Amino acid sequence: MKPKVVVLISGNGSNLQAIIDAIEAGQLNVEIACVISDKADAYGLQRAEKHQIPTEILTKQTQETREQYDERLITLIQQYQPELIVLAGFMRILSKYFVETFTGKIINIHPSLLPKYPGLHTHQQVLQNGDTEHGCTIHYVTEDVDAGEIIAQAKLTVNSDDTEETLKQRVHALEHQLYPATIQKYLNECRSD
Ligand code: GRF
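In what follows, the accompanying structure is described. (Residues numbered from 1 in each chain as written. Predicted model: local features only at pLDDT ≥ 70, side-chain atom pairs only at ≥ 80, totals over all residues. Heavy atoms only, no water.)

1. Details of the pattern of salt bridges
Applying the stated criterion to the full structure yields 7 salt bridges. Note that Lys116 and Asp131 form a salt bridge whose closest N and O atoms lie 3.2 Å from each other. With Lys116 in the loop between strand 5 (106-110) and helix 5 (122-128) and Asp131 in the loop between helix 5 and strand 6 (133-140), the pair connects residues that are 15 residues apart, well separated along the chain. Since its relative accessible area comes to 13%, Asp131 is described here as buried. Here Asp162 ties to Arg170 by a salt bridge, and the two come within 2.6 Å at their closest N and O atoms. With relative accessibility at 27%, the residue Arg170 sits in the partly exposed group. (Salt bridge = Lys/Arg side-chain N within 4 Å of Asp/Glu carboxyl O. Helix = DSSP H or I, 4+ residues; strand = E, 2+ residues; numbered from the N terminus. Buried < 20%, exposed > 50% of the residue type's maximum accessible area, 1.4 Å probe, protein only.)

See the structure below:
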């Protein structure tokens, strides 16, 4: 039996695609039990459907609190019994309640070398500050945004002609290598405990 993961997205899903490609290339031994999106028009949903991966859309209802949404999300995720929850461009902040339900089982990828630049507009900040290094980080998810323990990082050297767009593309390319490899490593380690 392959370990199951659930992938949470809100948009394009290129990291989801990298995970799917790694599975199909035999480099990642997991089953994506479900892809869940909080946005009905997330392109990543089409990517999943193309590969016969079950999808669910869970949009926020008007007047729903963060905890109420997360309660529905927890119920949905638990139906799939995943060993790991993979956030891949999921744009919602998760409540303490959600995080404590799945402690140590939620990971996220972020486009900066954390602890530098949590939050949005990371490429812009790298350029504004004249940083020579940039990259991406995979970390455990806690209730503080982009602040959980770091699991893995990949770095690149910023070129003098880099723009926000080129950095975005170059960091994405790093992410697409790092995320599948780190998921495999995580599952190897937690299964040998
Ligand atoms: C990635 O840059 C990731 O680091 C951030 O959101 C973006 C998602 O991109 N958390 P995609 O939807 O996987 O293309």
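2. What about the pairing of strand 5?
Across the 5 residues that make up strand 5, a large majority, 5, are buried. Covered by surrounding structure in strand 5 are Ile106, Asn108 and His110 together with Ile107 and Ile109, the residues of both alternating faces. Here strand 4 (residues 84-87) pairs with strand 5 via 3 bridges, running parallel. Directly across from Val86, in strand 5, lies its bridge partner Ile107. (Pairing = 2+ DSSP bridges.)

3. Points about the packing of aromatic side chains
Tallied over the full model, the rule gives 2 aromatic pairs. Sitting over the face of the ring of Tyr69, Arg92 holds its NZ or CZ atom 3.9 Å from the ring centroid. (Phe/Tyr/Trp six-rings, centres within 6.5 Å; stacked < 30°, edge-to-face > 60°. Lys NZ or Arg CZ within 6 Å of the ring centre and 35° of its normal.)

4. Some remarks on the sheet that holds strand 2 (residues 31-37)
Sheet strands associate in pairs through backbone hydrogen bonding, adopting either a parallel or an antiparallel arrangement. If you walk across this open sheet you meet the 7 strands as 3-2-1-4-5-6-7, and the pairing is mixed. Either end of the sheet is taken by a strand with one partner, and the two such strands are strand 3 (55-57) and strand 7 (150-157). If you compare each strand with its neighbour and ignore which way they point, the axes differ by 20° on average. Of the pairings in the sheet, the one linking strand 1 (residues 4-9) to strand 4 comprises 4 bridges and is parallel in character. Residue Val6 lies in a different strand from strand 4, and its bridge partner there is Ile85. (Axes fitted to C-alpha atoms, helices over the stretch in contact; angles between N-to-C directions.)

5. Remarks on helix 2 (residues 43-50)
Restricting attention to buried positions, one finds in helix 2 the residues Gly44, Leu45, Arg47 and Ala48. End-on view of helix 2: buried residues confined to an arc of 160°, all on one side of the axis. Following helix 2 by one or two positions, Gln52 adopts a phi angle in the positive range, close to 55°. (Arc of directions from axis to C-beta.)

6. Quick notes on the nonpolar core
Membership of the largest hydrophobic core comes to 36 residues, with the highest contact counts inside it found for Val7, Ile32, Val35, Val86, Tyr179 and Ile183. Ranked by the residues each element gives to this core, the list is headed by helix 6 (residues 164-191), at 7 residues. If sequence neighbours within four positions are ignored, Val86 has contacts with Val5, Val6, Val7, Leu8, Ile19, Ile107, Tyr179 and Ile183. (Core = buried A, V, L, I, M, F, W, Y, C linked by side-chain atoms within 4.5 Å. Contact = heavy atoms within 4.5 Å.)

7. Overview of the site of the ligand
Lining the immediate surroundings of the ligand are Asn12, Gly13, Ser14, Asn15, Gly89, Ile109, His110, Pro111, His172 and Glu175. Here an oxygen atom of the ligand sits 2.8 Å away from a polar atom, N or O, in the main chain of Asn15. Alone, the ligand offers 370 Å² of accessible surface; in the complex the protein occludes 84% of this. For the shell around the ligand, the secondary-structure elements that each account for two or more residues are helix 1 (14-24), strand 5 and helix 6. (Near = heavy atom within 4 Å. Polar contact = N/O pair within 3.5 Å; in protein donor to acceptor, adjacent residues only side chain to side chain. Areas by Shrake-Rupley, 256 points an atom, 1.4 Å probe, with all protein chains shown as cover.)

8. Some details on unusual backbone geometry
A negative phi holds for most residues other than glycine; trans holds for most peptide bonds. Between Leu114 and the following residue, Pro115, the backbone shows a cis peptide bond with an omega angle of 10°. Within the secondary structure layout, Pro115 lies in the loop between strand 5 and helix 5. Located in the positive-phi region is Gln52, a residue other than glycine, with phi close to 55°. Along the chain, Gln52 falls in the loop between helix 2 and strand 3. Gln52 sits in the exposed class, given a relative accessible area of 69%. Within the chain, His121 stands out as a residue other than glycine whose phi angle is a positive 55°. Structurally, His121 can be placed in the loop between strand 5 and helix 5.

That's the geometry; what it means functionally is another story.
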